[in-house]
Amino acid sequence: MIWQMRWMTRYLGFIARPFIKWYASQEIIACGLRSPAGQFNIIFTKTNNKKNYKFFKKIKRHWQEVDSLENQDFSYKLMFQEIIPYAEISEIYKVKAKKTGGKRIYSSPKILIKKKTDYKNDLLTIEKLGNGQAKISWPEAEKYKPMIYFLAIEDSKDHGICGIYTRENNWLYPQTKKASLSINKQDPPLFKQGQEYSCKLVAVDYDGWVPCVATIRFTY
């Protein structure tokens, strides 16, 4: 369903976004990446209807729970991150969580471990439009042939203030309704002149792997 987000949000608008939001609430949004230090990390979102997040490795036809090491949030309060030690290339993982106040178990899509994640900060450009808005673009990231992008905006203290998923290669901040999915609890604030911000881009492929990450800091 996710690969259809581009045309769904572009042509179905307000009808598509609630459907995508509902669909996302029925699973765990997660993907895997290689940190600059070479560790295998899983980054994922948390929602109020889920608790007890745990990590599993596929062994033949079964899923075995594995230990994880809590790591600094990938984007504070928006995207969480844990290290999976001893993970190897070509292994398959997923995240599971229990429904808050219920017995249902939610699961993420499968995550296939690959060799590397590129860190290419020059993929991102910021065009200040005034009135607290900005156009954020990353057309060169298309060469990674991603399924979807995750974009996080952070303030000067690296606190996440906005997180979206989109199939486009640009986005006009702060128009969350133009994105396929927003994980904000409220509308993000307009940029303030003279203040510093950062933007993080994550490309996610069809195997749940992150082939590239880009980060840019700017003063509005």
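Quick caveat, the model's predicted, so the values are computed rather than measured.

Asks: For this particular structure, what's the right way to read the pattern of salt bridges?
Replies: Two side chains with opposite charge may pair up if their charged atoms get near one another. Evaluation of the coordinates by the stated rule reveals seven salt bridges. With a closest N to O distance of 3.6 Å, Lys-116 and Asp-118 form a salt bridge. Take Lys-116: its relative accessible area is 53%, and that puts it in the exposed class. The class for Asp-118 is buried, based on a relative accessible area of 17%. Between Arg-217 and Glu-196 there is a salt bridge, and its shortest N-O distance comes to 3.8 Å. Residue Arg-217 is found in strand 18 (residues 212-219), and its partner Glu-196 is found in strand 17 (residues 196-204); the two are separated by 21 residues along the sequence. A relative accessible area of 36% means that Glu-196 is categorised as partly exposed.

Asks: Just checking my understanding: could you explain the pairing of strand 13 (residues 148-154) for this structure?
Replies: Within a regular strand, side chains alternate between the sheet's two faces. For strand 13, the tally of buried residues reaches seven of seven residues, placing the bulk of the element in the interior. Going residue by residue along strand 13, you find Ile-148, Phe-150, Ala-152 and Glu-154 tucked away on one face and Tyr-149, Leu-151 and Ile-153 tucked away on the opposite face as well. As paired elements, strand 13 and strand 17 share seven bridges and run antiparallel to each other. Following the sheet pairing, Leu-151 is matched in strand 17 by Leu-201. The sheet contact formed by strand 13 and strand 14 (residues 160-166) spans six bridges and is antiparallel. Looking across to strand 14, one finds that Leu-151 is bridged to Ile-164. Linking strand 13 to strand 14, which pair antiparallel, is a turn of five residues; within it Asp-158 sits at a positive phi near 65°.

Asks: Looking at this model, I keep getting lost on the confidence of the model for the chain. Mind explaining?
Replies: Caution is warranted with low-pLDDT regions, since their predicted coordinates should not be read in detail. Across the chain, the average pLDDT comes to 89, with 89% of residues at 70 or higher. When mean pLDDT is taken per element in the chain, strand 10 (residues 118-119) scores highest with 98 and helix 1 (residues 5-11) scores lowest with 44. The low-confidence segment residues 1-16, where pLDDT is below 50, has 28 contacts with residues more than four positions distant or belonging to other chains.

Asks: What is the right way to look at the sheet that holds strand 1 (residues 30-34) in this model?
Replies: Backbone-to-backbone hydrogen bonds join strands into a sheet, with any given pair of strands oriented parallel or antiparallel. With antiparallel pairing, the four strands of this open sheet are ordered in space as 1-2-6-5. Of all strands in the sheet, those with a lone pairing partner are strand 1 and strand 5 (69-70), marking the two edges. Across four bridges, strand 2 (residues 40-44) lies against strand 6 (residues 80-83) in antiparallel orientation. Considered in strand 6, the bridge of Phe-44 is made with Phe-80.

Asks: Help me understand the pairing of strand 4 (residues 62-66) in this model?
Replies: Sheet topology note: the strand 3 (residues 50-59)/strand 4 ladder contains five bridges and is antiparallel. Counterpart to Phe-56 in the pairing with strand 4 is Glu-65. What sits between the antiparallel neighbours strand 3 and strand 4 is a turn of two residues, in which Lys-60 has the positive phi angle 60°.

Asks: Which parts of the structure should I look at to understand the packing of aromatic side chains?
Replies: Ring pairs (aromatic) are described by centroid distance and by the angle formed between their planes. Taken as a whole and judged by the stated rule, the model has 13 aromatic pairs. Each ring, one from Phe-40 and one from Trp-209, has its centre 6.1 Å from the other, and the planes form 15°; the classification is stacked. A residue pair is termed long-range when its members are at least 10 positions apart, and Phe-40 in strand 2 and Trp-209 in the loop between strand 17 and strand 18 qualify at 169 residues. Aromatic side chains Phe-191 and Tyr-220 sit 5.4 Å apart centroid to centroid with 35° between the ring planes, which places their arrangement in the tilted category. Of the two residues, Phe-191 sits in the loop between strand 16 (181-182) and strand 17 while Tyr-220 sits in the segment after strand 18, which places them 29 residues apart along the sequence.

So, how was this worked out
Residues numbered from 1 in each chain as written. Predicted model: local features only at pLDDT ≥ 70, side-chain atom pairs only at ≥ 80, totals over all residues. Heavy atoms only, no water. Salt bridge = Lys/Arg side-chain N within 4 Å of Asp/Glu carboxyl O. Buried < 20%, exposed > 50% of the residue type's maximum accessible area, 1.4 Å probe, protein only. Helix = DSSP H or I, 4+ residues; strand = E, 2+ residues; numbered from the N terminus. Pairing = 2+ DSSP bridges. pLDDT = per-residue confidence, 0-100. Contact = heavy atoms within 4.5 Å. Phe/Tyr/Trp six-rings, centres within 6.5 Å; stacked < 30°, edge-to-face > 60°.

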